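What follows is each chain in one-letter form.
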Amino acid sequence: DQQVKQNSPSLSVQEGRISILNCDYTNSMFDYFLWYKKYPAEGPTFLISISSIKDKNEDGRFTVFLNKSAKHLSLHIVPSQPGDSAVYFCAARKTSYDKVIFGPGTSLSVIP
Amino acid sequence: EAGVTQFPSHSVIEKGQTVTLRCDPISGHDNLYWYRRVMGKEIKFLLHFVKESKQDESGMPNNRFLAERTGGTYSTLKVQPAELEDSGVYFCASSQALGLANYNEQFFGPGTRLTVL
């Protein structure tokens, strides 16, 4: 019973273009949504988050969009850089201190 | 400031043996979480400590897993006896005390890769 879904296991994008990573969730109790980035042999690193009361949060090249009615969020990276190549996990929590529920991840490759 | 550290980085054991994983959270972080990623699937929650108390252990798979956090500092996760399906990467994360921020970011360690043969 996967509460956070990332239907694209992998994505390849040309350097300089936009990367769009998608995520769907099923639990309407989630209040916070997060994106984590993970390099091989390292732990996940927090990238950006959004509260359920917002529909957009921007931080530099990274923007997260939330569509609560569709239970869908997306991460936009513009422009994409080779150093962005990593696995991106979509995640959610019910409260600010609750456990994090992760999606299966999307492996992003940014081609120079 | 040192991040979350985990020891060992890798462990290879035989089925039926015992393994103990250790996590040192960021100094001053009251919340400590254990997660694991099995077979390249999603990272799944195991349990959550607040200081030395278990706040939520709903993700612990069975009674072969025992987590402790004596003194509210470092934590250990013991698997006894280990089974083949326990193989995976075990992550530890920590965060500050409740109430210090509206959003309580969890900082993850590099993980321990456990292989059970």
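Calculation rules
Residues numbered from 1 in each chain as written. Chains lettered and ligands numbered in written order. Predicted model: local features only at pLDDT ≥ 70, side-chain atom pairs only at ≥ 80, totals over all residues. Heavy atoms only, no water. Buried < 20%, exposed > 50% of the residue type's maximum accessible area, 1.4 Å probe, protein only. Helix = DSSP H or I, 4+ residues; strand = E, 2+ residues; numbered from the N terminus. Pairing = 2+ DSSP bridges. Salt bridge = Lys/Arg side-chain N within 4 Å of Asp/Glu carboxyl O.

(A) Up close: the pairing of strand E9 (residues 88-95) of chain B. Residue and element names in this part refer to chain B. Taking burial as the measure, the 8 residues of E9 include 8 buried ones, the bulk of the element. As paired strands, strand E4 (residues 31-37) and E9 are joined by 7 bridges and run antiparallel to one another. Its bridge partner being in E9, Arg37 is matched across the sheet by Val89. Note: E9 against strand E10 (residues 107-108), 2 bridges, orientation antiparallel. Considered in E10, the bridge of Ala93 is made with Phe108.

(B) Quick peek at the pattern of salt bridges. Evaluation of the coordinates by the stated rule reveals 8 salt bridges over all chains. Between Asp84 of chain A and Lys37 of chain A there is a salt bridge whose closest N-O contact spans 4.0 Å. Taken together, the residues Asp84 of chain A in the loop between strand E8 (72-77) and strand E9 (86-93) and Lys37 of chain A in strand E4 (residues 32-38) connect sequence positions 47 residues apart. The pair Asp84 of chain A / Lys37 of chain A is uniform in exposure class, with both members buried. A salt bridge links Arg64 of chain B to Asp86 of chain B, with the shortest nitrogen-to-oxygen separation between them at 2.6 Å.

(C) Structural detail: the environment of Gly59 of chain B. By the element assignment, Gly59 of chain B lies in the loop between strand E6 (53-56) and strand E7 (65-68). Once the C-alpha coordinates of Gly59 of chain B and Ala97 of chain B are considered, the two residues, 38 residues apart in sequence, prove to be 21 Å apart.

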